[in-house]
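# What the coordinates show
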Amino acid sequence: MENEEKKNRNKGGRPSKIDPAVHRYSISLNDEENARFLTLFETSGMHVMAHFITACVFQKGIKTVKIDKAKIDYYMRLTSFYSQFRAVGINYNQVVKILYQKFSEKKASAYLYKLEKQTAEFAVLSQKIILLTEEFEEKHLKK
């Protein structure tokens, strides 16, 4: 009895599985089939090829992930533009404050008039961007 306890206590390594996978199968593919198989595996998003093959054999749901670089690029540029738009708004407030501090009332009003025209154009551009974004989301993102 003491020998059994010593034997079990000093057993090292990983614990054995309850239902180990011991049955192995091998298949051969030609170049065309292999290329097609690798394409399916890459689009599935799975990281382990054995899990992918098992899912295919037992007809479990295979998930394919398609990444559209154009959509990601558009989103990144839109995010960048939005941050620039916010920076312009902050600069606008600073410019108005400085105009009233550094210039006379008449000169500041003249500059503010020019600034107001540019702001109106900027607002129109902003509305166009919002419409383009909504159109893009409708066509490409909401499926």
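Whatever comes next refers back to the structure up there.
Quick summary incoming for the structure in this document. (Residues numbered from 1 in each chain as written. Predicted model: local features only at pLDDT ≥ 70, side-chain atom pairs only at ≥ 80, totals over all residues. Heavy atoms only, no water.)

For the chain, the count of helices and strands is five helices and zero strands. Reading the chain from its N terminus to its C terminus gives the helix and strand order α-α-α-α-α. Put simply, 31% of the contacts in the chain that link residues at least 6 apart link residues at least 24 apart. Here the chain displays about 13,800 Å² of accessible surface, and carbon together with sulfur accounts for 57% of that area. (Helix = DSSP H or I, 4+ residues; strand = E, 2+ residues; numbered from the N terminus. Contact = heavy atoms within 4.5 Å. Areas by Shrake-Rupley, 256 points an atom, 1.4 Å probe, with all protein chains shown as cover.)

Two elements in contact, helix α2 (residues 31–44) and helix α3 (residues 49–57), have axes whose closest approach is 11 Å; the angle formed by their N-to-C orientations is 100 degrees. Overall, the two elements α2 and α3 adopt an arrangement that is roughly perpendicular. Residues F37, L38, L40, F41 and S44 of α2 touch α3, and the partners they reach there are M49, F52 and I53. Here the residues of the contact of α2 with α3 sort into seven nonpolar, one polar and no charged. (Axes fitted to C-alpha atoms, helices over the stretch in contact; angles between N-to-C directions. Parallel < 35°, antiparallel > 145°, perpendicular 65-115°, else oblique. Nonpolar A, V, L, I, M, F, W, Y, C, P; charged D, E, K, R; others polar.)

On to a nonpolar patch on the surface. A grouping of L38, M49, I53, V57 and F58 is seen on the molecular surface, where their side chains present a nonpolar patch of about 450 Å² in accessible area. With respect to the element layout, M49 can be found in helix α3. Look at M49 and you get partly exposed, because its relative accessible area is 34%. (Patch = residues over 30% accessible without salt bridge, like charges linked within 9 Å, V, L, I, M, F, W, Y side chains within 5 Å. Salt bridge = Lys/Arg side-chain N within 4 Å of Asp/Glu carboxyl O. Buried < 20%, exposed > 50% of the residue type's maximum accessible area, 1.4 Å probe, protein only.)

On to the side chain of S44. Mapping S44 onto the fold places it in helix α2. Here S44 falls in the buried class, since its relative accessible area comes to 2%. Polar contacts involving the side chain of S44 include one to the main-chain amide nitrogen of M46, which spans 3.2 Å. (Polar contact = N/O pair within 3.5 Å; in protein donor to acceptor, adjacent residues only side chain to side chain.)

Attention shifts here to the packing of aromatic side chains. Applying the stated criterion to the full structure yields three aromatic pairs. Consider the rings of F37 and F52, whose centres lie 5.6 Å apart with planes at 55 degrees: the pair is tilted. In this pair, F37 is assigned in helix α2 and F52 in helix α3, connecting sequence segments 15 residues apart. With 5.6 Å between their ring centres and 65 degrees between their planes, F41 and F52 make a pair best called edge-to-face. In this pair, F41 sits in helix α2 while F52 sits in helix α3, placing the two residues 11 residues apart along the sequence. A relative accessible area of 13% means that F41 is categorised as buried. The buried category is assigned to F52, whose relative accessible area is 2%. Each member of the aromatic cluster is reached from another via a ring pair, and the members are F37, F41 and F52. (Phe/Tyr/Trp six-rings, centres within 6.5 Å; stacked < 30°, edge-to-face > 60°.)

Applying the stated criterion across every chain, the model contains one salt bridge. Here D73 makes a salt bridge to R77, at a shortest N to O gap of 3.2 Å. Of the two residues, D73 and R77 both sit in helix α4 (residues 69–102), four residues apart, roughly one turn of that helix.

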